[in-house]
Amino acid sequence: MPASPKTFHVKSFGCQMNVYDGERMAELMAAQGLTTTDDASAADLVVLNTCHIRERATERVYSEIGRLRKDAGEQGRKPMIAVAGCVAQAEGAEIVRRAKVDVVVGPQAYHNLPDLVARAAAGEAALDTDMPVESKFVHLPGRRKVNPSAFLTVQEGCDKFCTYCVVPYTRGAEVSRSFSAIMDEARSLVDAGAREITLLGQNVNAWNDADDRGLHGLIRELDRIPGLHRIRYTTSHPNDMTQGLIDAHRDVESLMPFLHLPVQSGSDRILKAMNRQHTRDSYMRVMDRVRAARPDIALSGDFIVGFPGETEADFADTLSLVDAMGHAQAFSFKYSPRPGTPAATMADQVPAEVMDDRLQRLQAALNRDQHAFNLASVGRTCTILLERRGKLPGQMLGKSPWLQSVHLIGDHQIGDLVEVELVAAGPNSLTGQAKVKAAA
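It should be emphasised that the depicted structure is a prediction, and the values quoted were computed from it without experimental measurement.

The next thing to look at is the pairing of strand β4 (residues 80-85). In summary, the side chains of a regular strand alternate between the two faces of the sheet. Of all the six residues making up β4, six are buried; the element is thus mostly covered by neighbouring parts of the structure. Here strand β3 (residues 45-50) pairs with β4 via six bridges, running parallel. Its bridge partner lying in β4, Val46 is registered against Ile81. Across three bridges, β4 lies against strand β5 (residues 103-105) in parallel orientation. Looking at β5, one finds that Ala82 is bridged to Val103. As a crossover connection, the stretch from β4 through helix α3 (residues 86-99) into β5 is right-handed.

Spelled out as structure tokens, the structure:
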């Protein structure tokens, strides 16, 4: 049986919510007296916090387990391996059978990780994929030191049941955290060094509470926290973009001019087959209202190519939507059948080579628009939040209000808010030059 670990390493795959969950698991283990290490090969306990959205991501977990064991074996070590997250939830027993890991814990039960590790060290079975009614958040330790830009989960789960998606099965039904718990954690994040908070949820704009505040009301309250300079949120559903939330983009200065709103396809026929519950026209009308409220907003989206039954005409509708919207950035994927979802058994699965071709054409259009948005930003003056050091001497990297990566040279510190002029742009980043303040 594995010995009780003294050091640990958490590696997260996939979405921002997994990053948040990974940070919280690290805090849990640190509260038990374990020491974190950036070197997975040197850790006594390795936690793989997994994503189940893509088939390749699932296989990557098994590859990572094999690599960890190989590297450790060459050093004469046998670390404890824990698999957490959505793959653990969906394939818990299979992971134990196939990979023979020590601990398996789902995304709604990771507050039990310390107990599961102790059970594994004692030679007992350590698998927990329950979805308890009681919130896991009440069991998590307080926030201590965080990065200048921090994540805060406010909503979990999904009731939309898109036909390609496993989230309702791995994360459960939509649940909103309480207003008071969110405000308490936000204050602790700011006290710990955060200057920007990104609110997270599978459908974050579905957040609500007993007082019917809605996400817009929550954002307005967060805006009152001293020291919190920036607020963002992701990921949203078009059907939950209320007028109150759109108005918040107009009224709340700390709410950054950026909106990630997945559309997935420009074809109404495919949107219906996906059970997206919106149409091309309704999506575009929402975006028009957002732009009317905040004309400088940067728009982002998600796209899936090769959904079962997608024809070249359907794909042409997606390309025409991209041309019409001019996204500042976007994410695009080939359809990946997930076991247990309705789309996995649909007829007319699209051949891989057709998906490859369509993805290349879509990404070319999206990259074109992202570069165009960056080029149009040259000459703007804005404030960037510095998040880390760059590769060059004196170089710092940060984010613009429009979530663009910006690098500049100067005597600055991580966490600084710096007024810059954007002086050059590439496809993926911009160069900023700090504005010199006039003498008093």
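One recurring pattern in soluble globular proteins: nonpolar side chains tend to sit buried together. Formed by 77 residues in total, the largest nonpolar core has its most connected members in Leu199, Leu218 and Tyr233. Sort the elements by how many residues they give to this core and helix α6 (residues 179-191) lands first, with six residues. A domain-level breakdown of this core finds at least three residues from each of domain 1 (7-128) and domain 2 (136-376). In contact with Leu199, other than residues within four places in its own chain, are Leu152, Val154, Val204, Leu215, Leu218, Ile219, Leu222, Ile231, Arg232, Tyr233 and Thr234. If you look at the next biggest cluster of nonpolar residues, it comprises 18 residues, including Cys51, Leu68, Val83 and Ala99.

Before going further, it helps to examine the environment of Ala194. For Ala194, the position within the fold is in the loop between α6 and β10 (196-200). In this structure, the C-alpha to C-alpha distance between Ala194 and Gln413, residues 219 residues apart in sequence, is 14 Å. In this structure, Ala194 is in contact with Val146, Asn147, Pro148, Ala150, Leu189 and Gly227, ignoring residues within four places of it in sequence.

With that out of the way, let us pick up the UniProt feature "binding site: [4Fe-4S] cluster 1" (unreviewed entry) in the protein chain. Residues annotated by UniProt as "binding site: [4Fe-4S] cluster 1" (unreviewed entry) correspond here to Cys15, Cys51 and Cys86. Spanning 72 residues, the named residues form one tight spatial group whose C-alpha atoms are at most 10.9 Å apart. Within the fold, Cys15 resides in the loop between β1 (7-12) and α1 (16-31). Along the chain, the position of Cys86 falls in helix α3. Aside from chain neighbours lying at most four places away, what touches Cys86 is Thr50, His52, Pro107, Thr170 and Arg171.

So, how was this worked out
Residues numbered from 1 in each chain as written. Predicted model: local features only at pLDDT ≥ 70, side-chain atom pairs only at ≥ 80, totals over all residues. Heavy atoms only, no water. Buried < 20%, exposed > 50% of the residue type's maximum accessible area, 1.4 Å probe, protein only. Helix = DSSP H or I, 4+ residues; strand = E, 2+ residues; numbered from the N terminus. Pairing = 2+ DSSP bridges. Right-handed = clockwise from strand over helix to strand, strands pointing away. Core = buried A, V, L, I, M, F, W, Y, C linked by side-chain atoms within 4.5 Å. Domains from an automatic or database assignment. Contact = heavy atoms within 4.5 Å. UniProt positions renumbered as here; feature names shortened; annotations may be inferred.

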